[in-house]
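Listed below, chain by chain, are the residues.
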Amino acid sequence: MPIQKPRGTEDILPGQSEAWQYVEQRVREWFTRYRYREIRTPLFEHTELFQRGVGETTDIVEKEMYTFADRKGRSLTLRPEGTAGVVRAFVEHKLYAEPDVVKLYYLGPMFRYERPQAGRQRQFHQIGVEAFGSLDARLDAEVMELAWRIFTDLGVQNLRLDVNSVGCPACRPAYRQALVDQLAGVKDELCPDCQSRLLRNPLRVLDCKQERCKALTQDAPTMLDHLCDSCRTHFSAVREALEALGVPHTVNPRLVRGLDYYTQTAFEFIVEGEGHLAGTICGGGRYNGLVAELGGPDVPGIGFAFGVERLLYVLAAQGTRLPAGGDLDCFVIALGEAAKNQALLLAQRLRAAGLSADIDYLDRKLKAQFKVADRYGARFAVILGDDELARGVVQLKNLATGEQDEVPLAGVAEAVCQRLDRREG
RNA sequence: GCGACUAUGGCGAAGUGGUUAACGCACCGGAUUGUGGCUCCGGCAUUCGUGGGUUCGAGUCCCACUAGUCGCCCCA
């Protein structure tokens, strides 16, 4: 048995990689327009960073981290998410030194030790942004608008934006207690999962999909009713700014995010639909205490991250066509030794002129070379046989229209460029 | 981490204990001289995820492992 890829990993093969490149190129363009700049942080960090940054009691830290000891016995962990590393770098390099809002984006692989399923791998890819240094609700709204812009640009259908406020250290504890008190009365009627949630993370009970639990929590208090003044003011300002930006959204008081560091604004982009078509593709929110928690000054932050696999999955399921690549400008068909030598040189010149070109290396017959040209999606076939070689010309055939004419060997690149209405270069 | 199902050539897929493992697609070659399609002909798995067991005999039964899929937990 040959060695196989590790469980939960994926090879992104030609045909698929083009879609990835397309998505990456589009998001980079949008990020740049909003003045986000790329940051590339290590794929592994000290384990402690995630324990402190993501939260000791989160599932990620408790059971999903790829943790290992290096040769000197240091505990390192493959990053399970992007924010902690970015915040660490932000603090370590004192990017807060300038009195500016710092806008950063990242993209790359993340690692979580989980049972693989559709849309869930052990190595997966996230693209995200983090904006540091402002409490302005307009920034919250702009961050969401940016994500909205990207998803609509890429053609995601049936997209919904849910927003909520999860409060802050000033108001959340009291709410949390109120919720626990309320639910204590019906504890025995909740599903087993919710009974354990009640102890670990009571807010999550509100997010249960069980009908019974939904009913029992129907009139449970919501965070929104318990926000302190500053959180309430902030939340309404966020909604106003979203309205002003024309971003459709739904206030979902039951929206809870899994990571500990969120304060105030929390949001999710959800694709509505049946079965696998549905689900959260992007989550984000504000984390005003995280920078300080990780040893930096008291600088607020807000960001989002989305999974590339899930995004591509949704787009594919919705029938959105993304580039699959494989196009070729010219395929040089050569017959005979001398012509094959010349074909190699001709391909070199075509490429130098900015065209993509390939030749046959398998000594195929003329007919077979034509078939190959078709399979490669070549726009032009350049035919070079003994006769052409002797006369210093080639047959240039447009494979889409079938038109064929003779052009001088020296002018092939120019002729192709002209026909493609493309500048030589 | 728990539960269920699945695993045959590059892909899809028959085969449900008995000698040489259907078929379709793709691919390669040919149907007399240098033009892509179609048609026709030919080729293409000493082998059925891996290892072990039962049996006179296993792709077909059993066990383990690995991997995939689905559900749960959680999440991207």
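Sequence order as written defines residue numbering, which begins from 1 separately in each chain. Each chain gets a letter, beginning with A, and each ligand a number, beginning with 1, in the order they are written. In keeping with the predicted nature of the model, local features appear solely for residues at pLDDT of at least 70, side-chain atom pairs appear and are counted solely at 80 or more, and the whole-chain, interface and lining totals rest on all residues. By convention in this description, side-chain values take in all heavy atoms of the structure and omit both hydrogens and water.

Draft legend 1. Broad picture of unusual backbone geometry. The residue Asn158 is not glycine, and still its phi comes out positive at about 55°. Per the convention used, a helix needs a DSSP run of H or I reaching at least four residues, while a strand needs a run of E reaching at least two, with both numbered from the N terminus. Looking at the element boundaries, Asn158 is found in the loop between helix H5 (137-154) and strand S7 (159-165).

Draft legend 2. Representation of the domain arrangement of chain A in the model. The domain boundaries assigned to chain A delineate domain 1 (17-171 + 227-317) and domain 2 (328-419). For the domain bounds, the source is a domain assignment made automatically or taken from a database. Centre-to-centre separation of domain 1 and domain 2, based on C-alpha positions: 49 Å.

Draft legend 3. The sheet that holds strand S3 (residues 66-69), seen in detail. Strand pairing is defined by DSSP finding a minimum of two bridges between the two strands. Spatial strand order, S2-S4-S3: three strands in an open sheet with antiparallel pairing. Of all the strands in the sheet, the pair left with one neighbour each is strand S2 (44-46) and S3. Adjacent strand axes in the sheet meet at a mean angle of 35° when their direction is disregarded. Bridge count between S3 and strand S4 (residues 75-78): four bridges; the pairing is antiparallel. In the strand pairing of S4, Thr67 is matched with Thr77. The strands that helix H2 (residues 47-54) touches are S2, S3 and S4; relative to S2, the one it contacts most, it runs at about 80°. Angles shown run from 0 to 180 degrees and are taken between the N-to-C directions of axes, each axis being a line fitted to C-alpha atoms and, for helices, limited to the stretch in contact. The contact definition used throughout considers only heavy atoms, calling two residues in contact when any of these lie within 4.5 Å.

Draft legend 4. Structural view of the protein's contact with RNA strand B. Proximity is defined per residue: if any heavy atom of the residue lies within 4 Å of a molecule or strand, that residue is considered near it. The environment of RNA strand B is formed by 48 residues, the closest being Arg120, Arg197, Arg204, Lys365 and Leu399. For RNA strand B, a phosphate oxygen lies 3.0 Å from a polar atom in the side chain of Arg364. In the model, a base nitrogen of RNA strand B is placed 2.3 Å from a nitrogen or oxygen of the Leu399 main chain. Of all elements in the fold, only helix H3 (59-63), strand S6 (123-132), helix H7 (192-200), strand S10 (279-286), helix H13 (366-375), helix H14 (386-391) and strand S15 (393-398) reach the threshold of two or more residues within the surface near RNA strand B. Sorting elements by how many residues they give to the surface near RNA strand B places H13 first, with seven residues. Only Asp, Glu, Lys and Arg are considered charged, only Ala, Val, Leu, Ile, Met, Phe, Trp, Tyr, Cys and Pro nonpolar, and every remaining residue, Gly among them, polar. Grouping the amino acids of the surface near RNA strand B by side-chain chemistry returns eleven nonpolar, 14 polar and 23 charged. N or O atoms closer than or at 3.5 Å make up a polar contact, with two conditions inside protein: a donor-capable atom paired with an acceptor-capable one, and, for residues adjacent in sequence, both atoms drawn from side chains.

Draft legend 5. Quick look at the environment of His234. Structurally, His234 is set in helix H9 (residues 229-245). Separated by 199 residues in sequence, His234 and Arg35 place their C-alpha atoms 24 Å apart. Not counting residues up to four positions away in its chain, the partners in contact with His234 are Leu135, Asp136, Ala137, Asp140, Gln264, Thr265 and Arg286.

Draft legend 6. Looking closely at the nonpolar core. Ranked by size, the top nonpolar core spans 69 residues in total, and within it Phe31, Tyr36, Phe151, Phe269, Ile281 and Phe304 carry the most contacts. With eleven residues, H5 is the single largest residue contributor to this core. The contact partners of Phe269, leaving out residues within four places of it in the chain, are Met144, Ala147, Trp148, Phe151, Leu159, Arg160, Leu161, Gly279, Thr280, Ile281 and Cys282. Put simply, a nonpolar core is a bunch of buried Ala, Val, Leu, Ile, Met, Phe, Trp, Tyr and Cys residues held in one set by side-chain atoms that sit within 4.5 Å of each other. Between buried and exposed lies partly exposed: a residue is buried under 20% and exposed over 50% of the maximum accessible area for its type, with that area taken using a 1.4 Å probe on protein chains only.

Draft legend 7. Region of the structure containing the packing of H5 against H9. Put simply, H5 and H9 touch, their axes get as near as 8 Å, and they point 45° apart. The angle between the axes of H5 and H9 places the two elements in the oblique class. The element H5 and its partner H9 pack so that their crossing is right-handed. Across from Ala137, Arg138, Asp140, Ala141, Glu142, Met144 and Glu145 in H5, the residues of H9 making contact are His234, Ala237, Val238, Ala241, Leu242 and Leu245. Class assignment of the residues belonging to the contact of H5 with H9 gives a composition of eight nonpolar, one polar and four charged. For classification purposes, an angle smaller than 35 degrees is called roughly parallel, one larger than 145 roughly antiparallel, one from 65 to 115 roughly perpendicular, and anything else oblique. Crossing handedness is read from the near helix: turned anticlockwise from the far helix by less than a right angle, it gives a left-handed crossing, and turned clockwise, a right-handed one.

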